[in-house]
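# Secondary and tertiary structure notes
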Amino acid sequence: MRQLQPNSSAQQAKEILQHAVGISDHGSVRWMTLDRWSARQKQNMPFGGLVGFLEYHGALEEFLPWLALGAWLHVGGKSTFGFGTYQLQVAE
């Protein structure tokens, strides 16, 4: 949320997160480390991130616009390297 609306306050984020108390999740997520060559530093640079899937269950209506916007904008880390993406699928 702070990446999508930088002028939001910590209190606003806290209030929205309090609504997430009844939401459950399950899935399979793991950390993956990759190396990339840095031409500027002339060495391999390790970086990593999460890969996998998560399913959320509960009253998600309030969060769907934020999740959809984040997926569209690729707000995850290292997006300039083609990472930071996620797909949002809403089950009926």
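First, a word on what this report is: a plain description of the structure on this page. (Residues numbered from 1 in each chain as written. Predicted model: local features only at pLDDT ≥ 70, side-chain atom pairs only at ≥ 80, totals over all residues. Heavy atoms only, no water.)

## Overview of the layout of surface pockets
Threshold: A cavity here means a set of points on a 1 Å grid, drawn over the protein atoms and nothing else, where a 1.4 Å probe fits but cannot get out; a pocket is an open set with protein on both sides within 12 Å along at least five of seven lines, and a residue lines either one if it has an atom within 4 Å of a point. Grid points are joined across faces, edges and corners, and a volume is the space filled by probe spheres set on the points. Working definition: helices are DSSP H or I runs of at least four residues, strands are E runs of at least two. Numbering for both runs from the N terminus. Asp, Glu, Lys and Arg are counted as charged, while Ala, Val, Leu, Ile, Met, Phe, Trp, Tyr, Cys and Pro are counted as nonpolar; the rest, among them Gly, fall into the polar class.
Space inside the largest pocket adds up to approximately 1,800 Å³. The wall of the largest pocket is formed by 46 residues, among which Leu54, Tyr56, Leu67, Tyr86 and Gln87 lie closest to the centre. Listed by contribution, the elements that provide at least two residues to the lining of the largest pocket are α1 (10–18), β1 (24–38), β2 (43–57) and α2 (64–73). It is β2 that contributes the most residues to the lining of the largest pocket, eleven residues altogether. Considered class by class, the residues forming the lining of the largest pocket number 27 nonpolar, 15 polar and four charged.

## Comments concerning a nonpolar patch on the surface
For clarity, the cut-off: Any residue with relative accessible area above 30% and no salt bridge may belong to a patch, with like charges joined within 9 Å and the nonpolar Val, Leu, Ile, Met, Phe, Trp and Tyr side chains within 5 Å. The protein chains shown are the only cover counted for residues, whose accessible areas, like all others here, come from Shrake-Rupley with a 1.4 Å probe. Basic side-chain nitrogens of Lys or Arg form a salt bridge, by our definition, when they fall within 4 Å of a carboxyl oxygen of Asp or Glu.
A contiguous nonpolar surface patch, about 550 Å² in accessible area, is contributed by Val29, Trp31, Leu50, Leu54 and Tyr56. Looking at the nonpolar patch, the elements with two or more residues in it are β1 and β2. It is β2 that provides the largest number of residues to the nonpolar patch, a total of three residues. Inspection of the secondary structure puts Leu54 in strand β2.

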